[in-house]
Structure formats: C-alpha cells, structure tokens
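For reference, the chains in residue letters:
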Amino acid sequence: MWLKNAMQNWRGKQQADAELDEEVHGYVDMLADEKMRNSEGMPAHLARREAHMEMGGVEQVKERTREVRAGHFLETLWQDIRYGARMLRKSPTFTAVAVFTLALGIGANTAIFSVVDAVMLRPLPYPNPSQLADISVARPQQGISFAGASYLDLQAWREQTRAFSQLAGLAFHKLTLTGGGDPTVVNTVVVTSDFSSLLEVKPLLGSTLLPGDFKRGAAPTVVLSENLWRSRFGADPKLVGRSITLDHRSFTVAGIMPSAFRSPFIDASDPIWIPFAQDPVFSTFMSLRNARGIPVLGRLKPGVSLEQAQTEMDSIGANLTKQFPASDAGFSIHVEPLQQAIVGNAKTALLVLLGAVGLVLLIACANIANLLLARATARTREMGIRIVLGAGRARVIRQLLTESALLGLIGGLAGILLAYWGVAALVSLLPASLPQLHVIAVDGRVLAFALVLSIAASLAFGLAPALLAAGANLQSNLKEGAGYAGEGGARRRARNFLAVAEISLAMVLVVAGGLLLRSFIALTSVNPGFDTRDVWKAEISLPQYEYSTPQQWTVFSNQLLQRIQAQPGLQDCALAAPLPMDAQGSATLPFTIAGNPPLPRGTVQDADFVSVSPNYFHVMAIRLLRGRLFSAQDSMSAPRVTIISQTMARRYFPNEDPLGRHLVLGFPFNGGIVSREIVGIVGDIRDATLNQKPQPMMYVPFAQAPFYGGELVVKTALNPASIAASIRQQVRDIDPNLPVTDFASLSYAVQLTTAQPRFRTLLLGLFGLIALVLAAAGIFGVISYSTARRTHEIGIRMALGAQPWIILRMVLYQGARLAAAGLAVGFVAALILTRFLRTMLFEIKPADALTFAAVAILLALVVLAACYIPARRAMKVDPMVALRYQ
C-alpha cells in the first residue's frame, strides 16, 4: 500500500513538473515571437535566447511561477476559511449540534487515549527500558500461573546467568513510622543489592542503598521518597545522615528519591526503600527455599534477545530441579518484558474501551455527515452557480472540505476541553490496581493525538458530502427551487447508508454494555460465603523489633480483644490474619495428610491459610457443617487443631470422613512443622475475589499460630466514627505508638475487588447510551429530512384520498427498513466483536441470546420512536399547502 501511494505521489509530482515546464516554455515562445515581429529578420534561435535571458532563465521562471501559484493558493485558502466561517455563523443551530457531537466523540477518545498512552504506550521511566524484563515462576499442574521467586532462587539465577547483566528482587509491605508526629504506616519496598544500579536510580539528595547496606549485621539504612520527606519531615535537607524510627528501630537516612521515581509494580507516591537483610519480615525468609513471593527484575545484556534469555533460564531451572527436587520440582521460569508484566490483564480491557470509544466517534462522524449532506442538498443552487462562474470540481470540493476542517478543529478544541475534565473524572474512577495512574494526563502526546483525530474526523464526515455536492448535475442544480426539490438518488442512498451504519455500530456498543452489565450483576449477586452487613474491619500491625516473639503477639491480641469486647456494642469482635478479600492477597501453605502415601514428585497439596480467634466464625457468619468450632481452650499448650472448608474436604478427602485426620504443615512465624487434627468443617467462602471459585481453606486458632498483628473485625450497628474512635483508643491504651489503619466496612472491601469490572461496565454502558442517543438522532434526522422532501408527494396522496394512518405507516415503514438493515449488520458485527469480551465476563457468554434479543428490541423501539415524530408531522400536512410546496 505504501509503495502504491509513493508511486502515485511521484507520478503526480512528475505531472505537475511537466505542466510547469509546458507553461514556462509557452511564455518563452510568446516572448520570442514578439521579438521576431519587432525585429524583422531576427533568427528564431536568437529570439529564444534573448527571451530566456530576459526572463532570467527557465529555472528562475519556474520558481517565480511556483511563488505566484503558492501565493494564489494561500489567498484562495484564506478566502475559503473566511467564507466557511461565515457559513458556520449563518447556521448557528447546525454548528452547535455538529460541534457538540464532535466534541463528545473527540473528548471521549482523547480521555481514554490518555489512559492507554500512560499505561501501555509510554516507555517505562527507566534508562533503556527495552532491556528490562520480569522473571517469575509458575507451576501449571497446580494452577499457579504466576509466583515470585525465593531469595535463594534469585541468588542461584544471579550466579548462573550470562544473559542478564543484573538481577534484582523486591517485595512490598508496610512498616510503622514513629517520631515527628502521630504513628503512621508507610509503604515499604524491600530490595536486593542490584536494585538501584539495575534501574540506574539517581537520588535527589544523598545516595542510594550501597552494597555494604545489604550485609547481615550492617547498620540499618533507609532511603525516603521525596513526598514523604516533604510531608513528614518538612523537606529538611539535614535529614540525610540522621536517624528515623521504623517499627521501633533506628534507621539512618541514606538519601531522598525524587517524587517522579516509582518502583515497578507499586504506584505509591510516598514509599521508603530498605535492604532485604534489614527488613523485619522478609529477612526471616532469606534462607527458605520454598518461601517464594519476590518479583525479580532483570536487565538484559546488549544484544541479548528475550528468547535467548528464556532459553537460558529454562536450563537454569532444570539444573535447580536436579539439585533441589523437593522444593523446585514442577516449577518453570518465565521471562517477559517488564512493561508487559506491569500492564498485566489491564491491556485487554483498555483496548476494548479504546475500540468502543472509537465506535462512538464513528457514529458521531456519521451523524455530522448526514447533517452536511442535508446542507449540501440545500446549497445545490449555490454550487451550480459556482461551477457556472468557472469553479472546477476540485475547487468546490476544497471549499466544502475547508468548512469541514473548520468544524473539525472547533469540535477538536471543544473535545480537548472536555478531555481535561474527563481525565480528572476517569482517574477518580479508575481502580487503584491500574499501573501508571500517576502519569495519566492530557500532555503533548495526547494533544497531538486529539489534533490528528480532529483532522481525520473532518475528512471522515466531510469527504462524502463534498464529493456528492461537487458531482451533482449542473442543470438540475440551477433549476428554480433546486435547493428544495427532490433529493438525488446518490445522496439519498448515502444518507440511508450512514443511518444504517449508526444503528449497527450502536448495536455493537449497546450489546457490549449489556453483556458487561449482566456480568456485573451476576458477579455482585454472588454469595461470598460470609456476611458483610454491619461488619467493620481495621488493621493493626505490630513492630517486629519490639514485638519479636509469638508470645508477645498472643498477649497483645488477647488484651486487644478483651478491651474491645468490654466496649458497649462491640462484643462481637474477632481477629484474623488475613481477612477474605484482603488487598495484600491470601496466604497459601503446602501440607501433607498424615498416614497417606508420599505425593508424586512435583506434586504439592496446598490450601489458603487463615489464623483466627474463636469468635471469628460467629462474627463472619460462616456456617459450621460438621464437627466443632475453636474455643478458648485451643491455646498454645493444647493439642494443635484445624478447621477445613467444604471444598478442601471434597478435594483431599473425597471418599472418607476428614474429621480426626491430621494435616502436617509448617507456619513461618511460630516455627516448625506441626501436625494438626481436623476438628471441624465449615462452609466455603470466596477468599480472593468474587469471580474466583472457593479454594481449599484451612483455619487455625490464632493462639496456636499468632501473627505480628492482624485484622480486627467487629459486627455492630453503631456509628462508624464512634467504632473507629473506640478501636483507636483501645489500641493506644495498650501501646501509644501503634497506628490503626485501613478502617472500613467489610462490604467496601468486597466492593474493591469489583473495581475493575465496575469501571469497565460504567464506561461501556455510558458509551452505549451515547451511541443509542446519537443513532436515534441520526435516524430522526434522516426520516425528518426525507419526509420534508416528500411534502409535495404527501399532499398529492392526501388530495387523492389517502388516510392519515396510511401516511403514518409509509413513514414508519421507511424507518423500519433502515432499522432492520442496521440491526442485521449490527447483529453480525456484535457476534464477531464481543468475543474480545470473553475474559471480562462472569457466567455470561459473549453470544448471550437474551442480551442480543433485548438490545435488538430496545434499538427497534428507539428507532421507531425517532420516526414517529416526523410521521405525526406528515399526517397533519394540509393538502392545499403541500400542493404549493417547493
């Protein structure tokens, strides 16, 4: 295609140069003839030479001719612009409707593109981002498609790799910051030694973490983000080199990172960075080969491809499996571009939204094209006079395209203003899990996109009306009343085609919105297996350096529960670690069943692990199916017990009674492998998200498996503010340096898991509604205009005895034909395009018959309603007035 276009451009240039040469030689011949007439006997070749010399040479003549032509073109272009502006001012209603329609389409496209650009198209804000890769592990036979590495995995990869110049790991959690204000929880990025050099980090003040900071026993060191430095420490430049207190332990501030820097996979604007060896949580996992969960970044060496790196990591994985079959068997290593890993599953949803908003713009362009066709028909006499006075077809087309371009630019400017507002609204609606939220803005790249879109839209809605207007029959254009007589067949077909296109595109959008709406309703109707009504949660995290033993955690949890239960209205409370729908994810632990034969190599039995206080099942309304619940007697000194979920009982004990059997499992914080007797079976819950089926779960008493903090749940009808104040006061009475964070209703926590489906449904539903309105306006315009053109015909029919209901049927039949054609095309298009929604739907198929039928009926009713007004108007036509109508 590009070669064909290039050849056409070259041929056009050759033709233009040939015409210019012919014109210049014509001037030379004329001047030479004049010299020969004035000087009898002068030879022709001398006359031509003098003519050349007088004109300054052929090339100079060509240049002057080009300048004259360019000046004439600019002059006529300026005339076209001024005339186009006058024409738009003469039709304020048409201009306002067209500009608003176009602004809606361009503004929506620009706003969505700003999100797509920030998340998917903009390079990562690190040097040489194409060299950066994400390295993860997976165990497909266990359904684990993605998992982080262990610290020992990372060390082994670093020692054996030849494809990567550097490898670095990072992890995320929160630490308590005290001193200089109220206790607060800060986002903490735990990193390995190559992190700063791999991303080529440059601090704002001080230095990054140095190699010596990563050795065990080194002085604790931290790097702060600029935002935290400014908000908490007043941007004190002397803070570097001084100490701050994290989890009741002093850390020396090594440097300040600029606010523009973000760690991969975390979009928080105010984190801190500490070495793995200094972290109170992840440092305990550094020697555990099974403790996987660390995202690993790699920088490829120059000239090394991603495929070569993947081949090498496959070999390294095979070697590790041979060395450590118990822990590494069944795991595979995956390498992918870092940007692709960061975008994740947001890519499909964003592309669908961009495609949907593009269809909205197409419908808007079809609407404006219909309006321009109507105007072009009314201006046929004007076009005829222009052609008679010498304007060529190209000149007329240029004039009409200039008017369209003016309309497009005005609509584009209005669309950009709408986009500024739309981006602010979008950012507030976007799920917090979407990456790169902080860089979403209407910047130069987005403005350039809006400009190109405005020009493309101008051509899209202006070209067809211009070509039809310039190609109309000259004689019919000059007839008296040509602007009001019947419409040409080409224009009528074009208007009908545009109306059918609008209906079909609207059907695609409304079907997509309907599918997502039904999916969202099905998702939010799912029973999570626990009660969220009047249940509130709050997180309390204990500093690891002060609360370093499980005994201290147990004492704190007992004190807290006793104090909370002593408050009026707060008797129903419990502790859990973690709660369902926890933003930080669930804890999955492997186990074996005592007495069962050893598992095959590479096979692992695991289940989601939750440590709970005895009252937890009552507060959460989780049903006991068999056996018993936990009690105060299930203490650290009592026999170890566990309760399992119904799904776990069915999966791992399909043909036997699990009560009385023992699970052998370890717990990272209170040490050792223990055997736990199954004493109860409870109902299933959806632990991670509503759209994920219940997974095997095992519960253990909090007293037997204490955690360094946890999440408090309270079931009460009291005022939320008084609940939060009471919880904070009880925690403060135990330890004034402990913050209470993430206070919210449990129903809100569940809603957060549906943020992405809610966002997609809202936007696609809005686009579908806009498309429906635009399609109705388009069909209304077509039928109204067609009816107005047939006023004389209608008058004759009524004069000959036609009843009003016959006229009504005639007009509605015309609209019904357009609707039927549009619905037929839209049905096929929707069947094809809605397949891209497959991964976004929950318990709804892309070809859902109910949705398609409901949308078809809705569109048919909207189209008929849009046709009814012009039909009623046609019924009331006075035959005598209509017979005189022109």
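Residues numbered from 1 in each chain as written. Predicted model: local features only at pLDDT ≥ 70, side-chain atom pairs only at ≥ 80, totals over all residues. Heavy atoms only, no water.

1. Focus: the overall build of the protein
Here is the rule we go by: A run of H or I in DSSP counts as a helix once it spans at least four residues, and a run of E counts as a strand once it spans at least two, with each numbered from the N terminus. By definition, residues are in contact when any of their heavy atoms lie within 4.5 Å. Here the accessible surface of atoms and residues is derived via Shrake-Rupley with a 1.4 Å probe, and residues count as covered only by protein chains that are part of the display.
A tally of regular secondary structure across the protein gives 26 helices and 22 strands. In the protein, once contacts between residues fewer than 6 apart in sequence are set aside, the share between residues at least 24 apart is 81%. As presented, the protein carries roughly 41000 Å² of accessible surface, and 60% of it is formed by carbon and sulfur atoms.

2. Regarding the nonpolar core
Rules: We call a set of buried residues a nonpolar core when its members are Ala, Val, Leu, Ile, Met, Phe, Trp, Tyr or Cys and they connect through side-chain atoms within 4.5 Å of each other. With a 1.4 Å probe rolled over the protein chains alone, any residue whose accessible area is under 20% of its type maximum counts as buried; one over 50% counts as exposed, and the rest are partly exposed.
Ranked by internal contacts, the top residues of the largest apolar core, which has 73 residues, are Ile112, Val115, Leu509, Leu764, Phe767, Ile779 and Leu837. Elements that contribute at least two residues to this core include exactly α4 (92–121), α11 (346–378), α13 (393–429), α16 (489–524), α22 (755–789), α24 (804–833) and α25 (849–875). The dominant element in this core, judged by the number of residues it contributes, is α16, at 13 residues. In contact with leucine 509, other than residues within four places in its own chain, are Ala356, Leu359, Val360, Ile363, Leu764, Phe767, Gly768 and Ala771. Core analysis: the next-biggest nonpolar cluster, separate from the first, contains 48 residues, Leu246, Leu560, Ala577 and Leu712 among them.

3. Topic: the environment of leucine 447
Residue placement: leucine 447 occurs in helix α14 (residues 444–470). We classify leucine 447 as partly exposed; its relative accessible area is 31%. When sequence neighbours within four positions are dropped, the list of residues in contact with leucine 447 reads Ile416, Tyr420 and Val442.

4. Section: a nonpolar patch on the surface
Defined as follows: The residues that make up patches have over 30% relative accessible area and no salt bridge, and they are joined within 9 Å when like-charged or within 5 Å when they are Val, Leu, Ile, Met, Phe, Trp or Tyr. Salt bridges are defined by distance alone: a side-chain nitrogen of Lys or Arg within 4 Å of a carboxyl oxygen of Asp or Glu.
Together, Phe827, Val828, Leu831, Ile832, Leu833 and Phe836 give the surface a local cluster of nonpolar side chains, amounting to about 530 Å² of exposed area. Along the chain, the position of phenylalanine 836 falls in the loop between α24 and α25.

5. Description of the environment of aspartate 735
Note that aspartate 735 resides in the loop between α20 (720–734) and β22 (740–745). It is 9.8 Å that separates the C-alpha atoms of aspartate 735 and leucine 542, two residues lying 193 residues apart in sequence.

6. What to know about the packing of helix α17 (residues 550–565) against α20
We apply this condition: Only the stretch in contact is used when fitting a helix axis, every axis being a line fitted to C-alpha atoms; angles between N-to-C directions are given from 0 to 180 degrees. Each angle is binned into one of four classes, with values under 35 degrees roughly parallel, values over 145 roughly antiparallel, values of 65 to 115 roughly perpendicular, and all other values oblique. Crossing chirality is assigned from the near helix's rotation relative to the far helix, an anticlockwise turn below a right angle marking it left-handed and a clockwise turn marking it right-handed. Following the grouping adopted for this structure description, the nonpolar residues are Ala, Val, Leu, Ile, Met, Phe, Trp, Tyr, Cys and Pro, the charged ones are Asp, Glu, Lys and Arg, and the polar ones are all others, Gly among them.
The interhelical angle for the contact between α17 and α20, taken along N-to-C directions, is 135 degrees, at an axis separation of 10 Å. Of the possible angle classes, the one that applies to α17 and α20 is oblique. Read as a crossing pair, α17 and α20 show a hand that is right-handed. Residue-level contacts link Phe556, Gln559, Leu560, Arg563 and Ile564 of α17 to Ile727, Gln730, Val731, Asp733 and Ile734 of α20. When grouped by side-chain class, the residues that make up the contact of α17 with α20 number six nonpolar, two polar and two charged.

7. So, the pattern of salt bridges
Considering all chains together, one arrives at 15 salt bridges under this definition. Taking the shortest distance from any N to any O, the salt bridge between aspartate 443 and arginine 122 comes out at 2.7 Å. In this pair, aspartate 443 is assigned in the loop between α13 and α14 and arginine 122 in the loop between α4 and β1 (132–139), connecting sequence segments 321 residues apart. For arginine 122, a relative accessible area of 19% corresponds to the buried category.

8. Observations concerning unusual backbone geometry
Looking along the chain, the bond that leaves alanine 577 and enters proline 578 is cis, with omega of -5 degrees. Position of proline 578 among the secondary structure elements: in the loop between β13 (573–577) and β14 (587–593). The residue aspartate 247 is not glycine, and still its phi comes out positive at about 50 degrees. Considering the arrangement of structural elements, one finds aspartate 247 in the loop between β7 (243–246) and β8 (249–257).

9. Overview of helix α8 (residues 306–323)
Quick note on the threshold: An expected span of 1.5 Å times one less than the residue number is assigned to each helix.
Helix length check: α8, at 18 residues, gives a terminal C-alpha distance of 26 Å against a target of 26 Å (1.5 Å per residue), a fit within 8%. Restricting attention to buried positions, one finds in α8 the residues Ala309, Gln310, Glu312, Met313, Ile316, Gly317, Leu320 and Thr321. Its buried side turned inward, α8 meets β1, α5 (151–160), β3 (164–178), β10 (296–300), α9 (325–328) and β11 (332–337).

10. A word on the side chain of glutamate 312
Worth spelling out the cut-off: Under the convention used here, Asp and Glu are negative, Lys and Arg are positive, and both His and the chain ends fall outside the count.
Here glutamate 312 lies in helix α8. One buried charged residue, glutamate 312, forms no salt bridge at all, with the nearest opposite charge on arginine 162 at 6.1 Å. Contact partners of glutamate 312, with chain neighbours within four places excluded, come to Gln160, Thr161, Arg162, Ala163 and Phe164.

11. Quick look at the pairing of strand β21 (residues 709–715)
The two faces of a sheet get side chains in turn, since along a regular strand they alternate between them. Convention followed: Strand pairing follows a simple DSSP-based rule, namely that at least 2 bridges must link the two strands.
The element β21 is extensively covered by neighbouring structure, given that six of its seven residues are classed as buried. In terms of strand pairing, strand β12 (residues 535–541) meets β21 through seven bridges, oriented antiparallel. The partner of glutamate 539 across the bridge, within β21, is glutamate 711. Relative to β21, β13 runs antiparallel, the two sharing four bridges. Pairing of alanine 576 across the sheet is with glutamate 711, part of β21.

12. A word on the pairing of β13
The buried fraction of β13 is high, at five of five residues. Burial along β13 is two-sided: Cys573, Leu575 and Ala577 and Ala574 and Ala576, pointing in opposite directions, are all buried.

13. A short note on the packing of aromatic side chains
Spelled out, the test is: Paired rings are identified among Phe, Tyr and Trp, the last through its six-membered ring, by centres lying within 6.5 Å, and are further divided according to the angle between planes into stacked (under 30 degrees), edge-to-face (over 60) and tilted (the rest).
In total, this model carries 14 aromatic pairs according to the counting rule given. Taken together, a centroid distance of 6.4 Å and an interplanar angle of 80 degrees make the contact between phenylalanine 195 and phenylalanine 261 edge-to-face. One end of the pair, phenylalanine 195, is in helix α6 (residues 195–198); the other, phenylalanine 261, is in the loop between β8 and β9 (272–275), with 66 residues separating them in the sequence. Each member of the pair, phenylalanine 195 as well as phenylalanine 261, carries the same accessibility label: buried. Between the aromatic rings of tryptophan 536 and phenylalanine 743, the centroid separation amounts to 5.6 Å while the plane-to-plane angle is 5 degrees, which identifies the pairing as stacked. Here the residue tryptophan 536 occupies a position in strand β12, and phenylalanine 743 occupies one in strand β22, the gap between them amounting to 207 residues. Using a relative accessible area of 23% as the deciding quantity, one classes phenylalanine 743 as partly exposed. Ring-pair connections join several aromatic residues into one group, and the members of that group are Tyr126, Phe195, Phe261 and Trp273.

14. Observations concerning a positive patch on the surface
Defined as follows: In this description, the location of a charge corresponds to atom NZ of lysine, CZ of arginine, CG of aspartate or CD of glutamate.
On the surface, Arg82, Arg86, Arg89 and Lys90 cluster together to form a positively charged patch. By the secondary structure assignment, arginine 82 is in helix α3 (residues 58–90). With relative accessibility at 41%, the residue arginine 82 sits in the partly exposed group.

15. Some points on the side chain of threonine 754
Applied cut-off: For the purposes of these results, a polar contact is taken to be a pair of N or O atoms within 3.5 Å, where, inside protein, one atom must be able to donate a hydrogen and its partner to accept one; residues adjacent in sequence count only when each atom of the pair is a side-chain atom.
Tracing the sequence through the fold places threonine 754 in the loop between α21 (746–752) and α22. Taking relative accessible area as the criterion, threonine 754 reaches 2% and is therefore assigned buried. A polar contact is formed between the side chain of threonine 754 and the backbone oxygen of glutamine 751, at a distance of 2.7 Å. Excluding its chain neighbours within four sequence positions, the residues that come into contact with threonine 754 are Phe520, Leu523 and Leu690.

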